[in-house]
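Fold and geometry: a report
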Amino acid sequence: SAGRVIPPESLREEYEALADKVRAYRFAYYNDDAPLVSDAEFDALYRRLEEIEALHPELVTNDSPTQEVGGDVSAAFAAVEHLARMYSLEDVFSVEELQAWLRRAEGSVVKLGAQAPLKWLTELKIDGLAVNLLYRDGRLIRAATRGDGTTGEDITHNVATIKDIPQQLKGANLPAEVEIRGEIFIASKNFTALNETMVAAGKAPFMNPRNAAAGSLRQKDPAETAKRPLSMYVHGIGARSGLDAPSQSESYELLKSWGLPISPYFKVLDGEGEVLEFIAHFGEHRHDLVHEIDGIVVKVDDFATQRALGYTSRVPRWSVAYKYPPEEVNTKLLDIAVNV
Ligand code: NAD
């Protein structure tokens, strides 16, 4: 077509080498819980991949890393199909990009004829790993990692050792079936204590709380997981039947009454200005929190509007993650082999 630019061979080669690298880094991160590079370094490579694809969309294939939810199912676990797909999040790295994203979303909503102005559900982006909890008639049936978004790893027995996660929901009118999505993490104070225990036992400490949480949860022996101080906060709902709430924030109230752990930090906000204030506030206080964060997640609160906006193959169109600038890395810790 007119204006289409064929990528020069050198760019195609750069693109393919980059895509392979991103795949290998993802495998080390998700499968081995042992990242080979820092998140900032990974994000920069991923951005470059997106840049090349924006210039040359013909390079994009279905198995391009930008079209897939990063993650795999390790042979160490049984594979589990999620009832509803699990997604990643679109990232933005500056306030300007975030403003542009919010305005674009408002615009799309107006075009769809859906209700505007939007209410923004604003949450902390917990640096842990996603879990999918299937409850039937209030009973926890199964727990799985995100995996590739369609299929995750069965970690039911490991999750059973986590005190925050109820085996049985309480209350009347429990839904026939619901998938609760949340983030499993290790609280900052527990992380320090855990690493002290590791070092005292002559083992390598964990590189960061995310790694410690992932390594602890994906143990073959649930008795090992039971020794680790894992916590969880809910951040979404997947498949559901018999759960009526008009918005995500209202569903949180319901889930809380059933005994599920809801973050104390979320807010429902009006307009860009309030969202930017939230970001500035937690940018200043990010180390005063119970857990580590790597950003802020902004979501359209209304469920009907979420459904109207829908999903790409990788991310919801109704949510965005603002990433804080990377902080100084503790190079001493990085020199030590990562413990799994
Ligand atoms: P992501 O972590 O950027 O965002 C999606 C995930 O955020 C969700 O699956 C969910 O688990 C989590 N999350 C936390 N709080 C949430 C909230 N309040 N609401 C909704 N979701 C919330 O995406 P990703 O695809 O899992 O991975 C990309 C991230 O992993 C990047 O930060 C990247 O740097 C890192 N990564 C690093 C390496 C490496 O080698 N260092 C490799 C792969 C990925």
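What counts as what
Residues numbered from 1 in each chain as written. Predicted model: local features only at pLDDT ≥ 70, side-chain atom pairs only at ≥ 80, totals over all residues. Helix = DSSP H or I, 4+ residues; strand = E, 2+ residues; numbered from the N terminus. Rg over C-alpha atoms; globule rule 2.2 N^0.38 Å. Buried ≥ 20, exposed ≤ 12 C-beta atoms within 10 Å, placed from the backbone. Pairing = 2+ DSSP bridges. Axes fitted to C-alpha atoms, helices over the stretch in contact; angles between N-to-C directions. Domains from an automatic or database assignment. Expected span 1.5 Å × (residues − 1). Contact = placed C-beta atoms within 7 Å. Core = buried A, V, L, I, M, F, W, Y, C linked by C-beta atoms within 7 Å. Near = placed C-beta within 6 Å. Nonpolar A, V, L, I, M, F, W, Y, C, P; charged D, E, K, R; others polar. UniProt positions renumbered as here; feature names shortened; annotations may be inferred.

**Observations regarding the overall build of the protein chain**
Counting secondary structure elements, the protein chain contains 11 helices and 11 strands. Relative to the 2.2 N^0.38 estimate, which gives 20 Å for 340 residues, the radius of gyration of the protein chain is 20 Å and therefore close to what a compact globule would have. When its C-alpha atoms are laid out on the principal axes, the protein chain stretches across 60 × 50 × 40 Å. Burial statistics for the protein chain: of 340 residues in total, 32% are counted as buried.

**Regarding the pairing of strand β7 (residues 177-186)**
Most of β7 is tucked away: 7 of the 10 residues are buried. As defined by bridge partners, strand β4 (residues 129-136) adjoins β7 across 8 bridges and the pair is classed as antiparallel. Note on β7: the bridge partner recorded for V131 is G182. Of the pairings in the sheet, the one linking β7 to strand β8 (residues 230-241) comprises 9 bridges and is antiparallel in character. Bridged to F185 within β8 is S231.

**Overview of the sheet that holds strand β10 (residues 293-300)**
Read from one edge to the other, the open sheet built from 5 strands follows the order β2-β11-β10-β3-β9, with strand pairing classed as mixed. Each having just a single partner strand, β2 (90-92) and β9 (267-270) make up the two edges of the open sheet. Here the average twist between neighbouring strands, direction ignored, is 35°. Pairing of β2 with strand β11 (residues 319-323) involves 3 bridges; the strand directions are parallel. Residue pairing in the sheet places E90 in a bridge with V320 of β11.

**Some points on the domain arrangement of the protein chain**
Think of interface size as the accessible area that goes away when the parts come together; that is how it is often given. The assigned domain composition of the protein chain is domain 1 (9-67) and domain 2 (79-332). Its C-alpha centre places domain 1 at a distance of 24 Å from the equivalent point of domain 2.

**A closer look at helix α9 (residues 271-284)**
Along its 14 residues, α9 runs 21 Å from first to last C-alpha, staying within 8% of the 20 Å computed at 1.5 Å per residue. In the core, the buried residues of α9 are packed alongside α3 (95-111), β3 (119-126), β9 and β10.

**Here's the deal with the nonpolar core**
The nonpolar side chains of soluble globular proteins are, as a tendency, buried together. Core analysis: the largest hydrophobic core is formed by 57 residues, its most contacted members being V131, L133, I180, I184, I186, A213 and L217. Among the elements that make up this core, the one with the highest residue count is β4 (6 residues). Each residue touching I184, except ones within four places of it in the same chain, is listed here: G128, L129, V131, A213, L217, L230 and M232.

**Topic: the site of the ligand**
Around the ligand sit 25 residues, and of these Y29, D39, S88, A130 and H235 come closest. Of all elements in the fold, only α1 (9-31), α2 (39-55), β3, β8 and β10 reach the threshold of two or more residues within the shell around the ligand. For the shell around the ligand, the per-class residue count stands at 11 nonpolar, 5 polar and 9 charged. A domain split of the shell around the ligand shows at least three residues from each of domain 1 (9-67) and domain 2 (79-332).

**Thoughts on unusual backbone geometry**
Of note, the phi angle at D33 is positive, near 50°, even though the residue is not glycine. Counting through the fold element by element, D33 comes out in the loop between α1 and α2. One non-glycine residue, D137, lies in positive phi territory at about 45°. Tracing the backbone through its elements, the reader meets D137 in the loop between β4 and β5 (139-145). On the basis of neighbour counts, which here come to 13 C-beta atoms within 10 Å, the residue D137 falls in the partly exposed class.

**Here's the deal with the UniProt feature "active site" (unreviewed entry) in the protein chain**
Listed under "active site" (unreviewed entry) in the UniProt record, and renumbered for this structure, are K125. Within the secondary structure, K125 is located in strand β3. Aside from chain neighbours lying at most four places away, what touches K125 is I293, D294, G295, I296, V297 and A321.

**Considerations on the sheet that holds β4**
The 4 strands are arranged β5-β4-β7-β8 in an open sheet whose pairing can be described as antiparallel. Pairing within the sheet leaves two strands with one partner each, and these edge strands are β5 and β8. Mean inter-strand twist for the sheet, computed between neighbouring axes without regard to direction, equals 25°. For β4 and β5, the ladder comprises 6 bridges, and the chain directions are antiparallel. Within β5, the residue paired with L134 across the bridge is R142. Lying on the sheet, helix α6 (residues 209-217) is in contact with β4, β7 and β8; it crosses β7 at an angle near 125°.

**Quick notes on the pairing of β4**
Burial of β4 is extensive: 7 of the 8 residues sit out of reach of the surface. Count of turn residues in the β4/β5 antiparallel hairpin: 2 residues, of which D137 carries a positive phi of about 45°.

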